[in-house]
There are 2 protein chains.
Amino acid sequence: MADKPSVLRETDDEARKLARVSLRSARSASLAVVEPASEGFPFVSRVLTGIDTDGTPIILISALSTHTQALSADRRCSLLTGEIGKGDPLAHARLTVQCEAERVDRDSAAHTRIRDRFIRRHPKAQLYVDFPDFAFFRLTPLRASLNGGFGRAYVLSGEDLMIRSPAIADLAAKEASAIEHMNTDHSDAASKYANTYCNAKGTGWRICGLDAGGIDLASGDQLKRLEYETPLQFEWELRATLVKLYG
Amino acid sequence: MADKPSVLRETDDEARKLARVSLRSARSASLAVVEPASEGFPFVSRVLTGIDTDGTPIILISALSTHTQALSADRRCSLLTGEIGKGDPLAHARLTVQCEAERVDRDSAAHTRIRDRFIRRHPKAQLYVDFPDFAFFRLTPLRASLNGGFGRAYVLSGEDLMIRSPAIADLAAKEASAIEHMNTDHSDAASKYANTYCNAKGTGWRICGLDAGGIDLASGDQLKRLEYETPLQFEWELRATLVKLYG
């Protein structure tokens, strides 16, 4: 038998964008951890997901769950995103991200930022986010593999999934007020963005996230990611970008 | 701090049935394996699933994939099923099954049976099921955890997910012809079963599986499981059961 054929394609910007959109538009994901006290048995369950302002995936999990107990003993984990659409479930893009998990200290500034973003994405999480047994974890991506459908496999670096910009902190400080302004004073903008750039229908859209890399759009159970071509480098670019995309 | 509160409920027949239906009505699942050559890093990806006549979950995967390479080195794996419905993704039941994987020998009688059942469930898999790099694996359940929604967690044994009956082989021998007969001569029966017992709408349903434990029903991208109260103990019970359910 000859050498094993490779199904890997060369990773290009289109694949990177597909991977970022898959990760950043996920409401939930499958999370695999190492089962505690089992000498390395994998364990997979479902988690709610968010994204920090630098692109790091976020999960909110209970200390009573197997995954929290597992991550406290071994922080290695694997996250699977990608919606199952119509037709063959394997014809749709999905992304596996190999990560290291780190608990977010409840007293940190990061916690406030992550909590606010998470609740804007998952309003119902407000019911339990402050329960003492719940905690956020940041999942730092180490490497990833994208399967864009049959015969379209790509390897990505953790860095491919990050948002890098000197404007991240300034944009984060302004995020809540900018979203409030857009959803209140320009309430048609979110639907226009979703319809024009995200192949999404309907007029009930709202902005639920604004970061250097793009815009998170929500409508009922739907979540879409409008990913900028390149991240904003200055906080003052945000307004012009939102105006330009509105057209 | 007091003892850690338990969120586990006592496993009853309702929980067992919910778990079986979740597993047996899945078209695809998240499969976590131990990543090869990484000293135990978990790796999760999406797979197509089927069910053998004794209830054992089946997957069809390519030797080019990470999961096949992983299972060849370490057969421990974790399978997550449960559809994400409307509203909060964590409000819907999902099942984690801890399994040991075993490749199905292509020359075995089991392969013919498993292949036929799998293709009835996933007609499009016919395109690649016989490619030399594809193989079926049986995933023997060792233990499982069911999350039926917030605060409704149950532990199950592997045995809870199996179908036990002396009639399994006889029913398997008759399965293809019984399905053909039902879908051809009683073509409204599948839709009636789906509408009456599976909370499913529409008239386009067909039977895609008949085993000692119940009936698999398919319509487009939908798959439903009509689970009998108790498994059939004799092959001759099948006809009477189908007639009785028709009403």
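Residues numbered from 1 in each chain as written. Chains lettered and ligands numbered in written order. Predicted model: local features only at pLDDT ≥ 70, side-chain atom pairs only at ≥ 80, totals over all residues. Heavy atoms only, no water.

Trainee: What am I meant to see in the packing of helix H5 (residues 189-197) of chain A against helix H6 (residues 237-246) of chain A here?
Mentor: To characterise two packed helices, one gives the angle between the axes of the helices and the distance between these axes. Residues and elements named next belong to chain A. Interaxial distance between H5 and H6 falls to 9 Å at its minimum, and their mutual angle equals 60°. Considering only the axes of H5 and H6, their crossing is left-handed. Facing H5, whose interface residues are Ala189, Lys192, Tyr193 and Tyr197, H6 presents Leu242, Lys244, Leu245 and Tyr246. The class makeup of the residues in the contact of H5 with H6 is 6 nonpolar, no polar and 2 charged. (Axes fitted to C-alpha atoms, helices over the stretch in contact; angles between N-to-C directions. Helix = DSSP H or I, 4+ residues; strand = E, 2+ residues; numbered from the N terminus. Left-handed = near helix turned anticlockwise from the far one by under 90°. Contact = heavy atoms within 4.5 Å. Nonpolar A, V, L, I, M, F, W, Y, C, P; charged D, E, K, R; others polar.)

Trainee: Explanation requested: the packing of helix H3 (residues 109-121) of chain A against helix H4 (residues 168-185) of chain A in the structure shown.
Mentor: Residues and elements named next belong to chain A. Packing of H3 against H4 leaves a shortest axis separation of 11 Å and a crossing angle of 30°. Accordingly, the angle class assigned to the pair H3 and H4 is roughly parallel. When the axes of H3 and H4 are compared, the crossing they make is left-handed. Residues Arg113, Arg117 and Arg120 of H3 lie in contact with H4, whose contacting residues are Ala172, Glu175, Ala176 and Ile179. A class-by-class count of the residues in the contact of H3 with H4 yields 3 nonpolar, no polar and 4 charged. (Parallel < 35°, antiparallel > 145°, perpendicular 65-115°, else oblique.)

Trainee: Explain the sheet that holds strand E10 (residues 222-227) of chain B here, please?
Mentor: By way of backbone hydrogen bonds, the strands of a sheet pair with one another, either parallel or antiparallel. Residues and elements named next belong to chain B. The sheet built from 3 strands is open, its strands ordered E8-E9-E10 with antiparallel pairing. Each having just a single partner strand, strand E8 (206-211) and E10 make up the two edges of the open sheet. Geometrically, the sheet is characterised by an average inter-axis angle of 20° between neighbouring strands, direction not taken into account. With 6 bridges joining them, strand E9 (residues 214-219) and E10 adopt antiparallel strand pairing. Opposite Leu217, over in E10, you have Lys224 as the bridge partner. The sheet strands contacting helix H1 (residues 13-24) are E9 and E10, and the helix crosses E10 at an angle near 145°. Sitting on the sheet, helix H5 (residues 189-197) touches E8, E9 and E10, and the angle it makes with E9 is about 105°. (Pairing = 2+ DSSP bridges.)

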